[in-house]
Amino acid sequence: MTSGQKDGDAMADAQLIHADGESYRNPTEVQMSQIVMPCHANHRGELSVGQLLKWMDSTACLSAERHAGCSCITASVDDIHFELTIGVGKVVNIIAKVNRAFTSSMEVGILVTCEDLYTDRQWKVCHAFATFVARRTEAGKVQLKQVIPRTQMEQMEYSLAAERRRMRLIHAEIITDLLSSSTAQLGECQEYEGAVPAERTRVESVELVLPPHANHQVSTFGGQIMAWMENVATIAASRLCNAHPTLRTIDMFHFRGPSHIGDRLVLKAIVNNSFKHSMEVGVCAEAYQGREPQRHINSAFMTFEVLDNERKPRTLPRIRPEPVDGKRRYKEAIARKKIRLDRKYIISCKQTQVSLSVPWDPSNQMYLSYNNVSALKLMDTRNNWVLTSEKNKVRLYTLEENHMLCFKVEMYVSVPAEQSFHLLSDLTRRKEWDRHYEQCEVIIQADEEDTLYRVVTPSVSKGDKGKDFILLASRRKPCDSRDPYLIALRSVTLPTHPPSEDYTRGEVQCAGFTIREESGSVTKLTYYNQATPGVLPYISTDIAGLSSGFYCTFSACSRFLESSKDARVVDPAASKEEKSQQEE
């Protein structure tokens, strides 16, 4: 998740001093501080993750209810990666606040830090995002009020929340497709000498939901269910390695239905697969009352490690899966591990830690697209741009940060935002207004939002070779009226299109357009680019003030949009049949 991009800074602006001397605090912010007592700890004297999950869920729920003004329930939790453990006697500090509200659901950001009272040292433990849904009231379905971001950090989280929501909505479907395609390529399960039978790790436990486990609406706390699930998952992991494991990650999961006081909660866990230094445990929770059939509440996948005395991961025994379902789970765990690594590398890394060109394939498309759009949104929320030059209302801004140079070009056009979006989304038409686009061809139409292009640009100096780029273009329509249209670009690599001798392969780390509707017919266009060595030669004279080439290029863009504003646009993401129908 993007928590890694901002690290612990996501909550750093929780309190700011305004010019009038008053302290600003986000109105939805809730804080919880707890001293870790022995009753909260495991055998190693470390805070039980189950207890931490309960505290996190309670804090986030209170933040959601503060914004909604009514009771709320946990709908889902994104991936959680626990960076460090917390010992007895330390203080756990949890901050939760609503990043964005949608119709009846809202995203709550949760930051967990640990504090040593004797040294004043603090460190980050994890950063998570949970989705809460406001419960219906007597008046009917709740319509949540909008969150109004007031700081740059809040604006950034507000903007990224829409992209995270999009990924949650398609996550289950995408994962299902990836698992089915990946497991089909794995073949038979590999046999290991001395492997532990998976059946030996199976755990089943039942819990009776009592009033202390429920909220004021008699629904079982999501955090309590997660704590019970973590307990049986830990037992299953222990049975594999005959040691006490440490939970490292919990994959994104959704609550399928509510649980109430009086429910019998049946919790089942089994080790799906073990790798050299980690193992995946699958766990599910089902509820029933009386003789009614069990109903599915939740399923999750948890990754454990076993640490030695030097806190380094131990080598784990291999698993021997049971026939049929066991072999399916075994293969799916291998596929999920790859997906997990892609997700951690592409999404959780800071922007400067991700290489310019990441290999593209269907298994990481969702995460590359997310990273692509998120990087553009992060640039869009920066507020410390410096105006470098202006000509006829076309403005060039620069921003130098962390040894990286970014620039943006801003202008207004008398073309509706949606029409501008469709015209600029089709990169094959960019050569009509951008002299730097000599050739542009579609390589792969991944889906209606993601397209891969090969772009050829002319040489900057005589005698030099031209450059070519393999670009992923990700486009997004607004989530609501406060969002812009987005066209995000970044370089990727494709084995079918390696660098050639005829061109120098260039790379784009982050570029693209934000398109905002100012009025019915006036649109604000902003182009961003994080200048890489491959891009810098094309704009260096503009930034130095020695040329106004940017003005010529974007004036041509304005004329292109104006001349095409009444034309019927053929959506570049449409199928061939749709295109022919639109053209007719």
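This write-up is about the structure you can find in this document. On a predicted model such as this, the values are computed, not experimentally measured, just so you know.

### Remarks on the environment of glutamine 439
Summarising the element assignment, glutamine 439 is placed in strand β21 (residues 439-445). Between the alpha carbons of glutamine 439 and aspartate 468 there is a distance of 9.0 Å; along the sequence they are 29 residues apart. Once you skip the residues sitting within four places of it in the chain, glutamine 439 turns out to touch Arg454, Val455, Val456 and Tyr503.

### Considerations on the nonpolar core
Residues Met56, Met106 and Met279 are the most contacted members of the largest nonpolar core, which totals 75 residues. Looking at this core, the element that brings in the most residues is helix α4 (residues 222-241), giving 10 residues. If we ignore the near neighbours within four places in the chain, the residues touching methionine 279 are Ala237, Leu240, Cys241, Val271, Asn273, Ser274, Met302, Thr303, Phe304, Val306 and Leu316. By size, the runner-up hydrophobic cluster in this structure holds 36 residues, among which are Tyr485, Tyr527, Phe550 and Cys557.

### A few points about the sheet that holds strand β7 (residues 105-116)
Strand order in the open sheet made by the 6 strands is β3-β6-β7-β8-β4-β12, with antiparallel pairing throughout. This sheet does not close on itself; its edge strands, each paired only once, are β3 (30-35) and β12 (253-254). Sheet topology places strand β6 (residues 91-101) next to β7; 10 bridges connect them, and they run antiparallel. Within β7, the position partnered with valine 92 by the bridge is cysteine 114. Sitting on the sheet, helix α2 (residues 49-68) is in contact with β3, β4 (72-77), β6, β7 and β8 (121-134), with an inclination near 40° to β6.

### Overview of the pattern of salt bridges
Counting across every chain of the model gives 35 salt bridges. Across the pair arginine 168 and aspartate 78 runs a salt bridge, and its minimum N-O distance is 2.8 Å. Of this pair, arginine 168 sits in helix α3 (residues 152-184) while aspartate 78 sits in the loop between β4 and β5 (80-81); the two residues are 90 residues apart in sequence, bridging distant segments of the chain. This pair shows no difference in class: arginine 168 is buried, exactly as aspartate 78 is. A salt bridge links glutamate 292 to arginine 295, with the nearest nitrogen and oxygen atoms 2.7 Å apart. With a relative accessible area of 34%, glutamate 292 lands in the partly exposed category. Each member of the salt-bridge network shares a partner with another, and the members are Asp78, Glu107, Glu157, Arg164 and Arg168.

### A closer look at empty space enclosed by the protein
A probe as big as a water molecule, rolled over the atoms, marks out the empty space that is left. Under the definition given, this model contains 6 cavities of 30 Å³ or more. Its boundaries defined by the atoms lining it, the second largest cavity holds a volume of some 100 Å³. Along the walls of the second largest cavity sit Leu47, Val49, Leu52, Phe82, Leu84, Thr85, Ile86, Val125, Thr246, Leu247 and Arg248, which together make up its complete lining. For the lining of the second largest cavity, the secondary-structure elements that each account for two or more residues are α2 and β11 (246-250). It is β11 that provides the largest number of residues to the lining of the second largest cavity, a total of 3 residues.

Scoring rules and cut-offs
Residues numbered from 1 in each chain as written. Predicted model: local features only at pLDDT ≥ 70, side-chain atom pairs only at ≥ 80, totals over all residues. Heavy atoms only, no water. Helix = DSSP H or I, 4+ residues; strand = E, 2+ residues; numbered from the N terminus. Contact = heavy atoms within 4.5 Å. Core = buried A, V, L, I, M, F, W, Y, C linked by side-chain atoms within 4.5 Å. Buried < 20%, exposed > 50% of the residue type's maximum accessible area, 1.4 Å probe, protein only. Pairing = 2+ DSSP bridges. Axes fitted to C-alpha atoms, helices over the stretch in contact; angles between N-to-C directions. Salt bridge = Lys/Arg side-chain N within 4 Å of Asp/Glu carboxyl O. 1 Å grid on protein atoms, 1.4 Å probe; cavity = no way out; pocket = protein on both sides within 12 Å on 5 of 7 lines; lining within 4 Å. Points joined across faces, edges and corners; volume = space filled by probe spheres on them.

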